[in-house]
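Residue-level structural notes
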Amino acid sequence: MFHIIGDAVRRISDLRLATCDLRLKIVSLHHKDNTFMNKQEALDKRYMRMAYVWAENSYCERRKVGAILVKNRMIISDGYNGTPCGFENICEDDNFKTKPYVLHAEANAITKIARSHNSSEGATMYVTTSPCIECAKLIIQAGIVRVVYCDEYHVTDGLDLLRRAGIEVCRIEMNQDEK
């Protein structure tokens, strides 16, 4: 009888160990997923901070926007809103309206990569303000697969178009201290 009880206790102990091992594996897999997400979130915030720093180069008074293009964890291009090369660095007219020839940060980053003969195919764009419809069209045509932004522009048709084209769109929250 003690032999039977001893076997039963060993089996219960083995089951507990197996259950504990299984729980550890499940926790480990969950931890790996969270670790990946936390790493991606951390990278997204770092690149977004760089986009905000780049936006400081803009001469525009109404809104300073920066964009960074990243591929394989390398910055391949950057841009900020401003006037075309050779124009005066004044973005607003006397009525404080943006001049029609001012280039958006996304357009500057995309044209810069095009002029370098590199490819933005498969890249991620980090932009401080969500893209307008015109920039969304450029993003789609440039083969960019992911757009991360922080501040949402009052018109969201650009975001709608990006989603319709199957581009991953992510908004990240950053407080003023993080920017």
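So, here is what we can say about the structure in this document. The shown structure was predicted, so the numbers you read here are calculated from the model rather than taken from an experiment. (Residues numbered from 1 in each chain as written. Predicted model: local features only at pLDDT ≥ 70, side-chain atom pairs only at ≥ 80, totals over all residues. Heavy atoms only, no water.)

**Here we look at the packing of aromatic side chains**
We count it as follows: Only centres within 6.5 Å qualify two rings of Phe, Tyr or Trp (six-membered ring in Trp) as a pair; their planes then separate them into stacked at under 30 degrees, edge-to-face at over 60, and tilted for everything else. Strands here mean DSSP runs of E at least two residues long; helices mean DSSP runs of H or I at least four residues long; both are numbered from the N terminus. Note on exposure labels: buried denotes an accessible area under 20% of the residue type's maximum, exposed denotes more than 50%, and partly exposed covers the range between, all computed with a 1.4 Å probe on protein chains only.
Per the counting criterion, the structure on display carries 3 aromatic pairs. Ring plane angle 65 degrees and centroid distance 6.3 Å describe the contact between Trp54 and Tyr80, whose orientation is recorded as edge-to-face. Within this pair, whereas Trp54 is found in helix α1 (residues 2–55), its partner Tyr80 is found in strand β2 (residues 74–80), the two being separated by 26 residues in sequence. What makes Tyr80 partly exposed here is its relative accessible area of 29%.

**With respect to the side chain of Glu92**
Filter applied, for reference: Polar contact is the term for a pair of N or O atoms within 3.5 Å; when the atoms are in protein, one must be able to donate a hydrogen and the other to accept it, and sequence-neighboring residues count only if both atoms are side-chain atoms. The contact rule is simple, with two residues in contact once any of their heavy atoms fall within 4.5 Å.
Within the secondary structure, Glu92 sits in the loop between β2 and α2 (105–115). At 2.9 Å, the side chain of Glu92 forms a polar contact with the backbone nitrogen of Glu61. Polar contacts involving the side chain of Glu92 include one to the main-chain amide nitrogen of Arg62, which spans 3.0 Å. The contacts of Glu92, once residues within four sequence positions are left out, are Cys60, Glu61, Arg62, Lys97, Thr98 and Lys99.

**A short note on the state of the cysteines**
Between two cysteines, a covalent bond joining their sulfur atoms is known as a disulfide. Put simply, the rule reads: Cysteine sulfur atoms that pair up within 2.5 Å are treated as a disulfide.
For the coordinates displayed, the defined rule picks out 1 disulfide. Between the sulfur atoms of Cys60 and its disulfide partner Cys91 the distance amounts to 2.5 Å. Given an S-S torsion of about -75 degrees, the disulfide between Cys60 and Cys91 has left-handed geometry. With a gap of 31 residues between them, Cys60 in the loop between α1 and β1 (66–71) and Cys91 in the loop between β2 and α2 connect regions that are remote in the sequence. This pair shows no difference in class: Cys60 is buried, exactly as Cys91 is.

**Topic: helix α3 (residues 133–141)**
Selection criterion: What the arc covers is the set of directions going from the helix axis to the C-beta atoms.
Within the sequence span of α3, burial applies to Cys135, Ala136 and Ile139. Looking straight down α3, one finds that the buried residues subtend no more than 105 degrees of arc, so they occupy a single side. Structurally, α3 contributes buried residues whose contacts are with α2, β3 (124–129), β4 (146–151) and α4 (157–164). Following α3 by one or two positions, Gly143 adopts a phi angle in the positive range, close to 80 degrees.

**Digging into the pattern of salt bridges**
For the record, the criterion: The term salt bridge refers to a side-chain nitrogen of Lys or Arg lying within 4 Å of a carboxyl oxygen of Asp or Glu.
A full pass over the atoms with the stated rule returns 5 salt bridges. As a salt-bridge pair, Lys112 and Asp78 come within 2.5 Å of each other at their nearest N and O atoms. Separated by 34 residues along the polypeptide, Lys112 in helix α2 and Asp78 in strand β2 bring together distant segments of the chain. The class of Lys112 is partly exposed, set by a relative accessible area of 41%.

**Side note on the sheet that holds β4**
Rules: One bridge is not enough; two strands pair if DSSP finds at least two bridges between them. With axes taken as lines fitted to C-alpha atoms, and helix axes fitted only over the stretch in contact, angles between N-to-C directions fall between 0 and 180 degrees.
What the 5 strands build is an open sheet, ordered β2-β1-β3-β4-β5; its pairing is mixed. With partners counted over all chains shown, the strands left at the sheet margins are β2 and β5 (168–171), one partner each. Pairwise comparison of adjacent strand axes, ignoring direction, gives a mean angle of 20 degrees for this sheet. Here 4 bridges tie β4 to β5, and the two strands are oriented parallel to one another. Opposite Val148, over in β5, you have Cys170 as the bridge partner.

**So, unusual backbone geometry**
Despite not being glycine, Phe96 shows a phi value in the positive range, around 65 degrees. Looking at the secondary structure, you find Phe96 in the loop between β2 and α2. Residues other than glycine seldom take positive phi values, yet His117 does so here, at roughly 65 degrees. Counting through the fold element by element, His117 comes out in the loop between α2 and β3.

**Here's the deal with α4**
Within the span of α4, buried status applies to Gly158, Leu159 and Leu162. Here the buried residues of α4 occupy an arc of 100 degrees about the axis, which is enough to place them on one side. On its buried side, α4 packs onto α3, β4 and β5.

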